[in-house]
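# Geometric and topological summary
Now for the letters of each chain:
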Amino acid sequence: MKVGKLSPKIAKQLPRQVECFFAQHGLLERVESLDGGERDSRLQTPDSRLTVEGDSRLQTPDSRLMVVGVSGGADSVCLLHVLLQLRDKLGLDLHVAHLNHQLRGAEADADAEHVSNLARHLGIAATIEKRDVNESRVKGRESRVTKEGRGTPERSVSRAKHLQSEASPDFGSSLEEVAREVRYAFFGEVARATGADAVAVGHTADDQAETLLMHLIRGTGLLGLRGMEPLSRWRLLDGTQLTVIRPLLEVSRKETEAYCAACDLSTRRDSSNISPKYLRNRIRAELIPVLREYNPRIRESLSRAARTIAADIAHLDGEVAGLWDSVAVAGVRGQGSGEGGLPTDNCQLTTANRPPTTAQDRPDAVALDNRAFSVLSPALQRHLLRSVLERLLGDLRDIELVHIEGLLKVLVRPAGKRLSLPGGLVFHGSYTESLITRAEDAPCPLPSLAGEYKLAIPGETMLPGWRVKATILETLRSGVFGVWSRETLCSGVESPLPLPRDSGLWTLDPRLDKACLDFDLTGAELVVRSRRDGDRFQPLGMGESKKLQDFMVDARIPRFWRDRVPLVCAGGQIIWVVGWRIDHRVRVTDSTRRVLCLEFESFNY
């Protein structure tokens, strides 16, 4: 490459600035490895799947290999050239990585050839690869649908967001996200194959400003206003982490273009960067010019705000770290408080509050002490929840402010609330303690029920995990069944006791489920079993029968609870889905003469 006459200012300024960046972040002494430990500095054998071009000379014992992501644009070419000037001083060996996303046809092929020629001319090893981003996008969409399930009662927030994004005019942003995932996965492969410590990318101050504005427009909390970090960990799809370094984050795009011009560096322009279908491009072309009319230094102001917010977040991180083990406990052992709840429904004379019954360790779960959490400031509450989700997911890329606000809302609601979250996480509310875990590891508060059991009518029956008490009430002349009036029995209220829900007495025995039925219609030959294929019943208030499976879906009974829900049957007919709904045909009416009261109490806690 012919190097023209260098501009003394820009040619000296940027290398000094990047050198200061390395010194400021402690990178002159050590670059963190992919797995967080020290890495052998010797160049490893490249992965056979990757095509390596250029002079692949071995590192010296004191040097470290760093991957440089090069698209061919001015920013990444500038970064590569600056790092090349500083190679000996920083003790680095460089390896170029370029990914053709196969989105721009011949233009993208020309970009790949340009980067290959550039690396060959500079004597730097290069890995040039192609990946079909559109294909990855389709596979990712199918994977999410399969994972989250079709027709499940608890549609997750992330699924709703996904559907909305497909219908949105800005669905192109989803393609950008997939391309970024594929690109960083590629960088991770190159880093592992070559033994590199990290990957350096050419994000500039302009990119930072655009990112902050994009987060503001879409809705963000404090973390979104931090923008991109100078050093960060990118969690790859296989669970490993990649150290990402952004040495040009305080450098403007004009400066990188001026540097390339001064050094006679040939660069490429990506035509997709001017397409109006991408939100970032519209921000760059339309919004920022307007903001400059109000503040000519808007880019610098946004960068300064990002640095300030990053410092505030670091302080909050320290505060939240001190809350672990007192407010949030990771790796929950057993059920913790021994209290819990199920979603309630309008059933006749039933309550639906039960304890979690698991006694197993839950390494992929975090329990929150409701009382300790409630006294925290809103800022600490939000930051703690983000910390919890980050610990369980590995990163916060799918977490938005709406998810944090959703958690805050359910945390102040009565026990028994459930919320699905991105990444397959589920929140379970309880009386004193709430649990966030993965859906497949979520606690099922119902004891396992195998086989069929006959009930003693009247009397008490012991079932695996359940105690069932049956009482028959005879009507009196006054129309009163014992201590309960006929109006109370027919009202469909949740508790036969004349206690207001907010009296505090409701929580004295939260594990009791009750139902009152017309004994002359049910008879005394009752059995309890779990569900079977083809089960149907007529839910209270409905004029016809319904598939039990459909009822459970509509009642939002979690999928992994359904096989454990006790069913009380008479003559092969389901007369009570315990905890949710009795059968309409055996309800108490004005003509009822005898009432069968059934009480289910879980003791598996």
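For the structure itself, look to the data block above.
Residues numbered from 1 in each chain as written. Predicted model: local features only at pLDDT ≥ 70, side-chain atom pairs only at ≥ 80, totals over all residues. Heavy atoms only, no water.

This part covers the overall build of the protein chain. Summing up its helical and strand segments, the protein chain has 18 helices and 25 strands in all. Across the 605 residues of the protein chain, 50% fall into the buried class. Accessible surface computed for the protein chain: about 28,500 Å², of which carbon and sulfur atoms make up 49%. (Helix = DSSP H or I, 4+ residues; strand = E, 2+ residues; numbered from the N terminus. Buried < 20%, exposed > 50% of the residue type's maximum accessible area, 1.4 Å probe, protein only. Areas by Shrake-Rupley, 256 points an atom, 1.4 Å probe, with all protein chains shown as cover.)

To continue, consider unusual backbone geometry. The omega angle of the peptide bond from Ile 457 to Pro 458 is -10°, so this bond is cis rather than trans. Here Pro 458 lies in the loop between strand E13 (453-454) and strand E14 (459-463). Phi is positive for Asp 264, which is not a glycine, with a value near 55°. Topologically, Asp 264 is positioned in the loop between helix H10 (253-262) and helix H11 (279-294). Asp 264 gets classed as partly exposed once you look at its relative accessible area, which sits at 36%.

The next thing to look at is the sheet that holds strand E22 (residues 567-570). Here we have five strands laid out as an open sheet, ordered E13-E19-E22-E23-E24, and antiparallel in their pairing. Edge strands, defined here as strands with exactly one partner in the open sheet, are E13 and strand E24 (581-582). Judged from the four bridges that link them, strand E19 (residues 526-529) and E22 form a sheet pairing that is antiparallel. What sits directly across from Val 528, in E22, is Val 568. (Pairing = 2+ DSSP bridges.)

Considering all chains together, one arrives at 26 salt bridges under this definition. Glu 210 is the salt-bridge partner of Arg 280, the closest N and O atoms lying 3.4 Å from each other. Highlighted residues: Arg 280 in helix H11 and Glu 210 in helix H8 (residues 205-218), separated in sequence by 70 residues. Taken together, the shared-partner salt bridges in this structure form one network comprising Asp 75, Asp 207, Glu 210, Arg 253, Arg 280 and Arg 284. (Salt bridge = Lys/Arg side-chain N within 4 Å of Asp/Glu carboxyl O.)

Their axes nearest at 9 Å, the elements helix H2 (residues 74-85) and H10 cross at an angle of 60°. Crossing geometry of H2 relative to H10 is assigned as left-handed. Contact residues: H2 offers Ala 74, Asp 75, Val 77, Cys 78, His 81, Val 82 and Gln 85, while H10 offers Arg 253, Thr 256, Glu 257, Tyr 259 and Cys 260. Here the residues of the contact of H2 with H10 are counted per class, giving six nonpolar, three polar and three charged. (Axes fitted to C-alpha atoms, helices over the stretch in contact; angles between N-to-C directions. Left-handed = near helix turned anticlockwise from the far one by under 90°. Contact = heavy atoms within 4.5 Å. Nonpolar A, V, L, I, M, F, W, Y, C, P; charged D, E, K, R; others polar.)

Take H10 next. Because an α-helix completes one turn every 3.6 residues, residues spaced three or four positions apart along the sequence face the same direction. Looking at H10, one finds that the buried residues are Arg 253, Thr 256, Tyr 259, Cys 260 and Ala 262. One or two positions beyond H10, positive phi appears at Asp 264, with a value near 55°.

Neither face of strand E11 (residues 425-428) is exposed, since Leu 425 and Phe 427 on one face and Val 426 and His 428 on the opposite face are all buried. Counted between consecutive antiparallel strands, the loop separating strand E10 (residues 418-421) from E11 contains three residues, among which Gly 423 sits at a positive phi close to 75°. As defined by bridge partners, E11 adjoins strand E12 (residues 433-438) across four bridges and the pair is classed as antiparallel. In the strand pairing of E12, Val 426 is matched with Thr 437.

Let's shift gears to the nonpolar core. Formed by 40 residues in total, the largest nonpolar core has its most connected members in Phe 22, Leu 80, Leu 83, Leu 94, Val 96 and Tyr 259. Only helix H1 (8-24), strand E2 (64-69), H2, strand E3 (92-100), helix H4 (106-122), strand E4 (125-130), strand E5 (198-200) and H10 provide two or more residues apiece to this core. The dominant element in this core, judged by the number of residues it contributes, is H2, at eight residues. Counting 36 residues, the second-largest nonpolar core is a separate cluster that includes Val 468, Ala 515, Met 552 and Ile 574. (Core = buried A, V, L, I, M, F, W, Y, C linked by side-chain atoms within 4.5 Å.)

Within this structure, the stated rule accounts for seven aromatic pairs. Ring geometry for Tyr 184 versus Phe 187: centroids 5.6 Å apart, planes at 85°, classification edge-to-face. Within this pair, Tyr 184 and its partner Phe 187 are both found in helix H7 (residues 172-194), separated by three residues, close to a single helical turn. Among the residues examined, Tyr 184 registers a relative accessible area of 3% and is labelled buried. (Phe/Tyr/Trp six-rings, centres within 6.5 Å; stacked < 30°, edge-to-face > 60°.)

What follows is about the environment of Val 68. Its place among the elements puts Val 68 in strand E2. With relative accessibility at 0%, the residue Val 68 sits in the buried group. Every residue in contact with Val 68, bar those within four places of it in the chain, is listed here: Leu 79, Leu 80, Leu 83, Leu 94, His 95, Val 96, Ala 97 and Ala 200.

Two elements in contact, H8 and helix H12 (residues 298-321), have axes whose closest approach is 9 Å; the angle formed by their N-to-C orientations is 75°. What the angle tells us is that H8 and H12 run roughly perpendicular. Across from Ala 205, Asp 206, Gln 208, Ala 209, Leu 212 and Leu 213 in H8, the residues of H12 making contact are Arg 299, Leu 302, Ser 303 and Ala 306. Residues belonging to the contact of H8 with H12 are distributed by class as follows: six nonpolar, two polar and two charged. (Parallel < 35°, antiparallel > 145°, perpendicular 65-115°, else oblique.)

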